[in-house]
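Architecture at a glance
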Amino acid sequence: MRILSLAGRRLAASIPTLILILIGVFLLLQFAPGDTVDAMMAQMGGGDAATARELRHFYGLDVSIPVQLGNYLWHLVRLDLGFSAIYGKPVATVILERLPPTLLLMISALSFAFFFGLVFGVIAARRVNRWPDTLISTLGLIFYATPSFWFGLMAIVVFSIYLQWLPAGGFEDIGAAQSGIWRIFDIARHLLLPALTLGLIFLAIYLRIMRASMLEVLNLDYVRTARAKGLDETGVIIRHVLRNALLPMVTLIGLQAGTMLGGSVVVESVFSLPGLGRLAYESVVQRDLNTLLGLVFVSALLVIAVNFIVDLVYARLDPRITVES
Amino acid sequence: MAAIKRYFRSPAAVAGLILLAIVIAMAISASFLYPRDPLALAGRPLLWPLANPRFPLGTDNSGRDIAAQIFYGARISLLIGGVATAIAILIGILVGAVAGFYGGWIDNVLMRITEAFQTLPNFLLLLVLVAVFGSTLTTVTIAVGVVSWPAPARLTRAEFLSLRNREFVQAGRILGMRDLQLIFSEILPNALPPVIVYASVVMAVAILLESALAFLHLSDPNVASWGNLIGLGRDVLRVQWYVSAIPGIAILITVLAVSLVGQGLNDALNPRLKRR
Amino acid sequence: MSGTAAILSIEGLSVRLPAGADRSHALKDVSLSVAADEILCIVGESGSGKSMLANAIMRLLPNEVTIDGGRMIFEASDLGAASEAEMRKHRGADIAMIFQEPMTALNPLRTIGDQIAEVFSVHTDLSRAEITGRVLALLADVRIPDPNAAAKAYPHELSGGQRQRAVIAMALALDPKLLIADEPTTALDVTTQAQILKLIRELQQRRRTAVLFITHDFGVVAEIADRVVVMQQGRIVEQGPAAEVLDHPQAPYTRQLIAAVPPLDAPPARKLSQDHILTISNVSKTYRTGGFLGRRARVTRAVNDVSLTLPRGATLGIVGESGSGKSTLARCLVRLIDPDQGSIMLLGKDFVTMPRGKLREETRHIQMVFQDPFASLNPRHKAVELVAQGPIIHGTPRARAIAEAKELFALVGLDPSAADRFPHEFSGGQRQRIGLARALALKPAVLVADEPVSALDVSVQAQVLELLADLRARLGLSIVFITHDLRVAAQICDLVAVMKDGVIVEQGLAGETFANPQHPYTRALLASVPGGAFARHHATEPA
């Protein structure tokens, strides 16, 4: 109950943030040269001023900006994100179609990064300043410095082109219409390299944080108390250090959610995945500002949702967090 | 001082400094070693590295010298990284100091804005900015800076929040100091070191962000940047994968160097017992 | 004192520090013994090596600190030569340890009952049900209110005293032969300290445990020790039965330490002026926390209708434990916190209603000295600049301010040529002197001293108090002295006001209040001062 009321409170506090983002980006997009109608006309291959005026009126683009903003927000409340001129479908539909690959990608990348970051971070902290630590920390630094898109390309060169173990892109084999377990396996094959690529930099970050957190907790008084009770090192680590050291990691997931979503833009482009990231790129290139705005909204929602879950988990782990704090 | 000595005691920090010096040297010497325009046609396209001794790193799809582009690219990366970081740190310190010192509703409003910037994925915001303002070098640099200020702001605010209740600040207040003097003369000199160290992280991320933009053909196409080259190399990835590989290694080394220097600075300025 | 055999016998123990430390050995040639049913107190100031000794016995030294000589005989085996596995068997079962900070000594993410049960699960084969029963029995033994609730509680849900009781329960779970207590009451309020000391002595007598009690406070020694060991810079300076060492100290260092402990007897009362320089009337400060959507707002009256007066040239002591509101009151006096009600009249002006702009000018008449010598000086300014800052802000030309600052350095007993150094190059006591100089630079009418000696070693404490008394006489200072230590208040205060939960429960002349306390809380406070008769009269002259 405490946990729910706590997270609920944080959720309520995010609503003004969401509105701020929407208003900010909406106003920002007003500065863009050319609007949706210009893009549409370019697609249609030209048109006269009258058609342009009619289209503008149809899409409600000829009223003043505050009114446009108001209209947009009003539609938003009813989950109507507008119409995509480029795709010829409602923006909400387009986004919903592209959501699953991105979600799958993010979840797998996050799991990979978190799990291995944790494991290696613990190993590095246990053997601090000896060779396992130096090796792990150095690798972590190198992974952190590696541009994700470049790593993706190199991975494609090695695993798809030379070794031919994994596909070079796409979400699944379109030719072979599979179902059930084979489809899952096929999708997994396609997502393996992208998840690795996206997760790499976060692996480096989690590793470093876990190691630092462990080292800090190992110096705290209650660890000394645990040793004074006669616990051996493994017992100390498992029963007193791990859970406490995990807390900053959990917070970090929330903080990095936005960055991961941003990273998916590049990874999806490299691996030709039909996800939200790729959609964002296409909207920018094709000047589909409606879709871009809709993407901003959905991304912010996703980040807020992830932070909500993170808050729940954190409150469950740490009994000190109360509504007042 | 003692901090400098501590810095040089760490082999990783020294390695980082050396690497950084190499990259800076590359940037400076670019016009001496390659006086011609790096984006001009130089030889046959898609020559492999060391195939022709005139092109030690080969040529790209359009026959341009890759080595020249690497050297000139160092300029772009360092320039964009440096300027964008400076913008981000300046905005961040300002916002963070004001929010942390005054608290109350000022803090609330500023934190709402910071949170808004942090909830929106920063690469997405970068895309929006590029869509609106275009892809010239100037706009991209400013955009990267604008996208990066929230983290330094949070850091500065945290430092100010903790320092503003320290007894020496309270003493200053009792002595009759005005707010401005308290912020700039008492608190800021103590709050700055962690933020300055964090600047290395910001710079590393800035370089990566810009190269990602360039890879997507959304950055300035008229400059020889490493990201641009990787994007070009994508088309010939099957066979001439070196066109993408080489500039990527350059990015890796530069970002690694910046990170190592930053870490070295951190350890030198905050000596904490690493043993046990 | 008894004739029973020694449980622990330390012979010539030396502990080496790594290169670069301020001395070669943390402990040099230490020999002592603890018998089966006695309390041995180890006394020393910071840097004496007493904590290092406790860690050495438990073999919990940091990696780079090693034992390089001597033996520690416990039950006929040398702890220094034991393997790690053997030590683990001893820890928690035969030898138990309790530490200074109860808040950080317990894992914040696990319940109290869980952590006490761990001792059983590590060393015994008892079933869960049996362990739960034993845990509850232990908690009842240490007199924790409502053991059932306490067992299910998390550390942050208990008070400091209760946490320390839980830690003691955890230590005594398996009836250890030796209990090592490393400053267990230093972080506690004086009344709580008295209770915990009583508890430890009671438990020790009942279970016949040997107790090694580490402390810096001779009052605590007088309260519970059977025998005493005095340490300085890693060596034993003197040891013997408590009564002997306290009444007839042999070593000069011991005599110096004992002399430095302020006795509870107030010096003879001075004549006080009739002129009141500072009048505090009905000052209140209330804090409201929480209250989201009107739910469960917590109201704390930090300062509740406080009225006090300070005669010119006198020292008013405000005494209270943590949470009494004394620090809040101090901060109200200098307007770091704005009181909600009341008036503070200084030199004819009301400081509560003064607007901010005027306040900045008028604040020169009331200055503050802080508790923490490390946090109260900006580490990036030179010492002389810190002292000269005040006058410069108020218009004094820089050159003259610096010159006057150097004079002040001499006044507070510091070498004026050291004025160009940075704070970290000074010791704690010296930094407090700099803080004093800074406060005096503006020639204030009133000096508010917020626990100015609490963070200092006892011998340094005495020096700073002497300095304050000296300055008071020379400059005719009026001082408001905040402290939690009655002994300190007795030394320097003419008037004393006792504060509890934001309210002044008793006030009056120091001598009278200490001799004839009226309010039950004052009486409890006086009774809690450790050491009894020792506290009242002990040798204050080192000779």
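**Things to note about the overall build of chain C**
- Each helix and strand in chain C was counted, giving 21 helices and 20 strands.
- Taking 543 residues into account, the globule formula puts the C-alpha radius of gyration at 24 Å, and chain C, at 25 Å, falls close to it.
- Its C-alpha atoms put chain C at 75 × 60 × 45 Å along the principal axes.
- By sequence separation, contacts in chain C at least 24 residues apart represent 70% of the contacts at least 6 residues apart.

**Things to note about the interface of chain A and chain B**
- In this complex, chain A contributes 44 residues to the contact, which on the side of chain B involves 38 residues.
- For the side of chain A that touches chain B, the residue count by class is 33 nonpolar, eleven polar and no charged.

**Some words on the sheet that holds strand β20 (residues 503-509) of chain C**
All names here are of chain C.
- With mixed pairing, the six strands of this open sheet are ordered in space as β16-β17-β18-β13-β19-β20. Looking along the sheet, the strands with just one partner apiece sit at the ends: β16 (366-369) and β20. Strand-to-strand twist in this sheet, taken as the mean axis angle between neighbours without regard to direction, amounts to 20 degrees.
- Sheet topology note: the strand β19 (residues 495-500)/β20 ladder contains six bridges and is antiparallel. Each residue of the ladder has a partner; that of V496, found in β20, is G508.

**Some thoughts on the nonpolar core**
- Core analysis: the largest hydrophobic core is formed by 341 residues, its most contacted members being B:L126 and C:V480.
- Here the element with the most residues in this core is helix α9 (residues 179-215) of chain B; it accounts for 20 residues.
- Excluding residues within four positions of it along the chain, C:V480 makes contact with C:L310, C:L316, C:I318, C:L333, C:V446, C:V448 and C:A449.

**Details of the packing of helix α7 (residues 160-172) of chain C against helix α8 (residues 190-207) of chain C**
Residue and element names in this part refer to chain C.
- At their nearest, the axes of α7 and α8 sit 10 Å apart, and the two run at 15 degrees to each other. For the element pair α7 / α8, the angle class is roughly parallel. In terms of crossing hand, the pair formed by α7 and α8 is right-handed. Across from G160, G161, Q164, R165, I168 and L172 in α7, the residues of α8 making contact are T192, Q195, I196, L199, L203 and R207.
- Looking at side-chain class alone, the contact of α7 with α8 contains five nonpolar, five polar and two charged residues.

**Remarks on the pairing of strand β10 (residues 235-241) of chain C**
Residue and element names in this part refer to chain C.
- By the bridge criterion, six bridges tie strand β9 (residues 227-232) to β10 in an arrangement that is antiparallel. Its bridge partner lying in β10, V230 is registered against E238.
- In sequence, β9 turns back onto β10 through a hairpin of two residues, with Q233 there showing a positive phi of about 50 degrees.

**Quick word on the confidence of the model for chain A**
- Confidence along chain A averages 85 in pLDDT terms, with 95% of residues attaining 70 or more.
- Per-element confidence in chain A ranges from a low mean pLDDT of 70 for helix α2 (residues 36-44) of chain A to a high of 92 for helix α5 (residues 91-126) of chain A.

**Some details on the sheet that holds strand β8 (residues 210-215) of chain C**
Residues and elements named next belong to chain C.
- Spatially, the six strands line up as an open sheet ordered β6-β7-β8-β3-β9-β10, and their pairing is mixed. Each of the sheet's edge strands pairs with one partner strand only, and the pair in question is β6 (95-98) and β10. Pairwise comparison of adjacent strand axes, ignoring direction, gives a mean angle of 15 degrees for this sheet.
- Across the sheet, helix α1 (residues 50-57) lies against β3 (39-43), β6, β7 (178-182), β8 and β9, angled at about 145 degrees from β7, the strand it touches most.
- Here α7 sits on the sheet and contacts β6 and β7; the angle it forms with β6, its principal contact strand, is near 170 degrees.

**Observations regarding the environment of A:P147**
- Structurally, A:P147 can be placed in the loop between α6 (131-145) and α7 (148-162).
- Linking A:P147 and A:H190, residues 43 residues apart in sequence, is a C-alpha distance of 21 Å.
- Those residues in contact with A:P147, other than ones at most four positions away along the chain, are B:L208, B:S211, B:A212, B:G248 and B:I251.

Here is what the cut-offs are and how they apply
Residues numbered from 1 in each chain as written. Chains lettered and ligands numbered in written order. Predicted model: local features only at pLDDT ≥ 70, side-chain atom pairs only at ≥ 80, totals over all residues. Helix = DSSP H or I, 4+ residues; strand = E, 2+ residues; numbered from the N terminus. Rg over C-alpha atoms; globule rule 2.2 N^0.38 Å. Contact = placed C-beta atoms within 7 Å. Nonpolar A, V, L, I, M, F, W, Y, C, P; charged D, E, K, R; others polar. Pairing = 2+ DSSP bridges. Axes fitted to C-alpha atoms, helices over the stretch in contact; angles between N-to-C directions. Core = buried A, V, L, I, M, F, W, Y, C linked by C-beta atoms within 7 Å. Buried ≥ 20, exposed ≤ 12 C-beta atoms within 10 Å, placed from the backbone. Parallel < 35°, antiparallel > 145°, perpendicular 65-115°, else oblique. Left-handed = near helix turned anticlockwise from the far one by under 90°. pLDDT = per-residue confidence, 0-100.

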